[in-house]
Amino acid sequence: NAGVTQTPKFQVLKTGQSMTLQCAQDMNHEYMSWYRQDPGMGLRLIHYSVGAGITDQGEVPNGYNVSRSTTEDFPLRLLSAAPSQTSVYFCASSYSRDWAYNEQFFGPGTRLTVL
Amino acid sequence: TQLLEQSPQFLSIQEGENLTVYCNSSSVFSSLQWYRQEPGEGPVLLVTVVTGGEVKKLKRLTFQFGDARKDSSLHITAAQPGDTGLYLCAGESTNAGKSTFGDGTTLTVKP
């Protein structure tokens, strides 16, 4: 199993550009989520999905869109990039959303810089 | 918004020393996780604690969940350079599906 994969690993954008961060998992996990991690801070939840066709907002959803058309894929779209979106983005997945008995597996991250 | 405060933010110690990292909140969590993250990688789960007062051991690491399920601690005995990394705690809210992460403790263990 490849686990959770993310592409690209690095990306530089200009203000106003749009792009999609890709996330895929091959563990047949129902729950997937996107986090951002800024220097000196922990991870903040952007969006999450409890299954194909179902998404919901997290703590910091503004400026980001998601969709979940398949169990395996959960792309994150930046509609119009802003310097405040410079961060490291992590995708995670788990069998279910009950953290007491399920482990969240994280991808290696995408480092995004917006100029 | 449920907040988790970790302390200390940075910790630099010599190999062989003991240390404790704290994770505190005014909110009650249904479970709490500890992660370790190395540079350029995603967090990796170390342990999950669920019951108030619970103590779990993972080799030289001891994790404790507070009786009221509002706080937790991570104690490392005889730290080694391989323990170097960012330690994150994350609490699961009673509204399941959302984890709140602390800001992390950056640990450096010098040989």
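The structure this text deals with has already been given above.
The rules behind each value
- Residues numbered from 1 in each chain as written.
- Chains lettered and ligands numbered in written order.
- Predicted model: local features only at pLDDT ≥ 70, side-chain atom pairs only at ≥ 80, totals over all residues.
- Heavy atoms only, no water.
- Helix = DSSP H or I, 4+ residues; strand = E, 2+ residues; numbered from the N terminus.
- Rg over C-alpha atoms; globule rule 2.2 N^0.38 Å.
- Buried < 20%, exposed > 50% of the residue type's maximum accessible area, 1.4 Å probe, protein only.
- Contact = heavy atoms within 4.5 Å.
- Buried area = accessible area lost by both parts, 1.4 Å probe.
- Salt bridge = Lys/Arg side-chain N within 4 Å of Asp/Glu carboxyl O.
- Polar contact = N/O pair within 3.5 Å; in protein donor to acceptor, adjacent residues only side chain to side chain.
- Disulfide = S-S within 2.5 Å.

**Some details on the overall build of chain B**
Summing up its helical and strand segments, chain B has 0 helices and 11 strands in all. When the helices and strands of chain B are placed in sequence order, the string is β-β-β-β-β-β-β-β-β-β-β. Relative to its length of 111 residues, chain B is compact, with a C-alpha radius of gyration of 13 Å against a globular reference of 13 Å. By its C-alpha atoms, chain B is 45 × 30 × 20 Å across when sized along the principal axes. Evaluated residue by residue, chain B yields a buried proportion of 47% over its 111 residues.

**Re the interface of chain A and chain B**
Each partner contributes to the interface: chain A provides 24 residues, whereas chain B provides 23 residues. Approximately 1700 Å² of surface area, both sides summed, lies buried where chain A meets chain B, with 52% of it carried by carbon and sulfur atoms. Counting the surface chain A buries against chain B, the share from its top three residues, Leu43, Trp99 and Phe106 of chain A, is 28%. In this structure, the connection of chain A to chain B is made through 0 salt bridges. Remark: the boundary between chain A and chain B carries 2 residue pairs in polar contact (both at pLDDT 80 or more). For the side of chain A that touches chain B, the secondary structure elements donating two or more residues are β4 (31-37) and β5 (43-51) of chain A.

**Details of the state of the cysteines**
Residues and elements named next belong to chain A. One pass over the structure, following the stated rule, counts 2 disulfides over all chains. With its sulfur 1.9 Å from that of its partner, Cys23 forms a disulfide with Cys91. On the sign convention where negative means left-handed, the S-S torsion of about -70° between Cys23 and Cys91 marks this disulfide as left-handed. A residue pair is termed long-range when its members are at least 10 positions apart, and Cys23 in strand β3 (residues 19-25) and Cys91 in strand β9 (residues 87-94) qualify at 68 residues.

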